[in-house]
Amino acid sequence: MAKQFLRPSYIELDRSALENNLQFIKSNAANGLRISSVIKGNAYGHGISNYLPIAEKCGIDHFSVFCADEAAGAFKYKTKESTDIMIMGMIRNDELKWAIDHGIEFYLFEKDRLESAIEAASEIGKKARIHLQIETGMNRTGFEEDQWHDIFKRVKSNKDHLDLRGICTHYAGAESVANYYRVQNQDKAFRNAIEVAKTVFYELPTLHASSSAAFLTYPDMHYDMVRIGIAQYGFWPSRETYMHVLKQNNSFTKDPLIRVLNWKSEIMSTKWVGEGEFIGYGNVFMTSRKMRIATVPIGYSHGFGRNLTNAGYVLIKGDRARVVGLVNMNMLTVEITDMPDAKKGDEVVIIGKQNGQEITVASFGEMSNNLNYEVLTRLPARIPREVLGI
Ligand SMILES: *Cc1c(COP(=O)(O)O)cnc(C)c1O
């Protein structure tokens, strides 16, 4: 693996892990179920410019993003004309023409934006590719029950300007059994909306509702498409979801999902520090013996939280080295007293494997009380990403 020039750390993306995860996802889906790869948040920290093309090579032809800005990024890096991009959240009226012109699909959940989309589409003479989002109990965005019929009618009567691609909703926490009834009620509401749609449209568009957790937990909520985020990257939405899947398939001998991302750096410098000395800023860590420490050019500005001060670990020479002292903006210090061979330039693994030892995002997150989702998306875009296995 070539070291990244001019950068203190780098992220590797493992294409074979992604292939494995998509295979596993497909093995849980009926034939014909479309998979939309959710790549909001810079592809959950994986880097949209690197991740999107490898997902496309693995057969993904639909990507979901949060906003127009992310859609523009996805549009820039897609390599196939036929690849669809869908905005699930924020688009402003003055961005509608751009989206329509580029064939970007977008959610509609308010009457005024529906009208603006009709107007923009008629002005540029191209159909807006829309997904109608149904409010089913998440209580965030979506058309309310008393609007369903009128909205569907309005869409139908403007079919020269609107290409209705989907009707959709989002469940409020399918990763926890605590939300079981809420999710079931949401699904009932979604089915009611579909019944109303059937009275208006001759043919229904793509129906979609599930993210990774609902997809893995509730097969009757798959509909025509699922929006898979965290699972494609090799993580479970929650331990409960993992337990649920294990119970369904007791043939697994190991975790069927494999982490796509590894984060690595190198030892910047080493030194011996005498007993009873403080390391780094302030008096956060005092040596209890003569100690050898290594500095690593990673700090909180790179997503290695200050809350990992005196608590985090990294891997060096296949062993865990503990963080001693405060995590700085660009640097941290670890103890390597019992690693006499460790030297400047040696590989440091922050997330990933080394000689059979592993630091997962979950354990990195647990040390700092963060979810996988949050740790991943906080990885700065400026850390270079490199794809393995292309
Ligand atoms: C983020 C998101 C998803 C994907 O969620 P995962 O738990 O990562 O699979 C699906 N749908 C919507 C609307 C989302 O915002």
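Residues numbered from 1 in each chain as written. Predicted model: local features only at pLDDT ≥ 70, side-chain atom pairs only at ≥ 80, totals over all residues. Heavy atoms only, no water.

Thoughts on the overall build of the chain
For step 1, the next point in the chain: When helices and strands are counted, the chain shows twelve helices and 18 strands.
For step 2, the next point in the chain: Along the longest, intermediate and shortest principal axes, the C-alpha atoms of the chain span 80 × 45 × 40 Å.
For step 3, the next point in the chain: Across the 390 residues of the chain, 53% fall into the buried class.
For step 4, the next point in the chain: For the chain, long-range pairs separated by at least 24 residues make up 67% of all intrachain contacts whose partners lie at least 6 apart in sequence. (Helix = DSSP H or I, 4+ residues; strand = E, 2+ residues; numbered from the N terminus. Buried < 20%, exposed > 50% of the residue type's maximum accessible area, 1.4 Å probe, protein only. Contact = heavy atoms within 4.5 Å.)

A look at unusual backbone geometry
For step 1, the next point in the chain: With a phi close to 50°, Asn42 is a non-glycine residue in the positive phi region.
For step 2, the next point in the chain: Topologically, Asn42 is positioned in helix 2 (residues 40-44).
For step 3, the next point in the chain: A relative accessible area of 25% means that Asn42 is categorised as partly exposed.
For step 4, the next point in the chain: For Asn310, which is not a glycine, the phi torsion comes out positive at approximately 55°.
For step 5, the next point in the chain: Looking at the secondary structure, you find Asn310 in the loop between strand 12 (291-296) and strand 13 (313-316).
For step 6, the next point in the chain: Residue class for Asn310 comes out partly exposed when judged on its relative accessible area of 36%.

Section: the state of the cysteines
For step 1, the next point in the chain: Applying the stated rule across the entire model yields zero disulfides.
For step 2, the next point in the chain: No disulfide involves Cys67; its sulfur sits 17 Å from that of Cys168, the nearest cysteine. (Disulfide = S-S within 2.5 Å.)

Considerations on the side chain of Glu56
For step 1, the next point in the chain: Along the chain, Glu56 falls in helix 3 (residues 48-57).
For step 2, the next point in the chain: Despite being buried, Glu56 has no salt bridge partner; Lys80 is the closest side chain of opposite charge, sitting 5.8 Å away.
For step 3, the next point in the chain: A distance of 3.2 Å separates the side chain of Glu56 from the backbone nitrogen of Lys80, its partner in a polar contact.
For step 4, the next point in the chain: In this structure the side chain of Glu56 is engaged in a polar contact, spanning 2.7 Å, whose partner is the side chain of Thr83.
For step 5, the next point in the chain: Apart from residues lying up to four places away in sequence, Glu56 is in contact with Phe63, Tyr77, Lys78, Thr79, Lys80 and Thr83. (Lys, Arg positive; Asp, Glu negative; His and termini not counted. Salt bridge = Lys/Arg side-chain N within 4 Å of Asp/Glu carboxyl O. Polar contact = N/O pair within 3.5 Å; in protein donor to acceptor, adjacent residues only side chain to side chain.)

Remarks on the layout of surface pockets
For step 1, the next point in the chain: Estimates place the volume of the second largest pocket at around 330 Å³.
For step 2, the next point in the chain: Lining the second largest pocket are Lys127, Val155, Lys156, Lys159, Leu162, Asp163, Leu164, Phe201, Tyr202, Glu203, Leu204 and Pro205.
For step 3, the next point in the chain: Taken together, the elements giving at least two residues each to the lining of the second largest pocket come down to helix 7 (145-157) and strand 7 (162-168).
For step 4, the next point in the chain: In terms of residues, the lining of the second largest pocket owes the most to one element, strand 7, which gives three residues.
For step 5, the next point in the chain: Across the lining of the second largest pocket, the residue classes break down as seven nonpolar, no polar and five charged. (1 Å grid on protein atoms, 1.4 Å probe; cavity = no way out; pocket = protein on both sides within 12 Å on 5 of 7 lines; lining within 4 Å. Points joined across faces, edges and corners; volume = space filled by probe spheres on them. Nonpolar A, V, L, I, M, F, W, Y, C, P; charged D, E, K, R; others polar.)

Let's talk about the pairing of strand 10 (residues 261-266)
Consecutive residues of a regular strand have side chains that alternate between opposite faces of the sheet.
For step 1, the next point in the chain: Burial analysis of strand 10 places five of its six residues in the buried class, which makes it a mostly covered element.
For step 2, the next point in the chain: Bridge count between strand 1 (residues 9-14) and strand 10: five bridges; the pairing is antiparallel. Considered in strand 10, the bridge of Ser9 is made with Ser265. (Pairing = 2+ DSSP bridges.)

Notes on empty space enclosed by the protein
For step 1, the next point in the chain: A complete count under the given rule lists two cavities of 30 Å³ or more for this structure.
For step 2, the next point in the chain: Counted as a void, the largest cavity has a volume near 40 Å³.
For step 3, the next point in the chain: Every residue lining the largest cavity is listed: Gln133, Ile134, Glu135, Thr136, Met138, Arg140, Thr141, Thr169 and His170.
For step 4, the next point in the chain: Counted by class, the lining of the largest cavity contains two nonpolar, five polar and two charged residues.
For step 5, the next point in the chain: Of the residues that constitute the lining of the second largest cavity, the class distribution is four nonpolar, one polar and two charged.

Some words on the site of the ligand
For step 1, the next point in the chain: Every residue near the ligand is listed here: Val38, Lys40, Tyr44, Met88, His170, Ser211, Ser212, Arg227, Ile228, Gly229, Ile230 and Tyr373.
For step 2, the next point in the chain: Between an oxygen atom of the ligand and a side-chain N or O atom of Tyr44, the distance comes to 2.5 Å.
For step 3, the next point in the chain: Taking Arg227, its side chain carries an N or O atom lying 2.9 Å from a nitrogen atom of the ligand.
For step 4, the next point in the chain: Coverage of the ligand by the protein amounts to 90% of the 390 Å² it exposes when considered alone.
For step 5, the next point in the chain: Mapped onto the shell around the ligand, the elements with two or more residues apiece are helix 2 and strand 9 (225-228).
For step 6, the next point in the chain: Looking at side-chain class alone, the shell around the ligand contains six nonpolar, four polar and two charged residues. (Near = heavy atom within 4 Å. Areas by Shrake-Rupley, 256 points an atom, 1.4 Å probe, with all protein chains shown as cover.)

Things to note about the nonpolar core
For step 1, the next point in the chain: Counting residues in hydrophobic clusters, the biggest one holds 117 residues, and the most contacted among them are Ile39, Phe106, Trp263, Phe304, Ile316 and Val334.
For step 2, the next point in the chain: Examining the composition of this core, we find that six residues originate from one element, helix 8 (residues 180-200), more than from any other.
For step 3, the next point in the chain: Domain assignment of the residues forming this core places at least three in each of domain 1 (33-228) and domain 2 (261-388).
For step 4, the next point in the chain: Every residue in contact with Val334, bar those within four places of it in the chain, is listed here: Arg292, Ile293, Ala294, Val296, Val314, Ile316, Ala321, Arg322, Val323 and Val324. (Core = buried A, V, L, I, M, F, W, Y, C linked by side-chain atoms within 4.5 Å. Domains from an automatic or database assignment.)

Topic: the domain arrangement of the chain
For step 1, the next point in the chain: Each domain of the chain was delimited in the assignment, giving domain 1 (33-228) and domain 2 (261-388).
For step 2, the next point in the chain: When each unit is reduced to the centre of its C-alpha atoms, the spacing between domain 1 and domain 2 is 40 Å.
For step 3, the next point in the chain: Across the boundary between the two partners, domain 1 contributes eight residues, which contact eight residues of domain 2.
For step 4, the next point in the chain: In total, domain 1 and domain 2 occlude about 730 Å² of area from one another, counting both sides; carbon and sulfur atoms represent 65% of this.
For step 5, the next point in the chain: Along the contact surface separating domain 1 from domain 2 lie zero salt bridges.
For step 6, the next point in the chain: At the surface where domain 1 touches domain 2, the tally comes to one residue pair in polar contact (both at pLDDT 80 or more).
For step 7, the next point in the chain: Mapped onto the side of domain 1 that touches domain 2, the elements with two or more residues apiece are helix 2 and helix 3. (Buried area = accessible area lost by both parts, 1.4 Å probe.)

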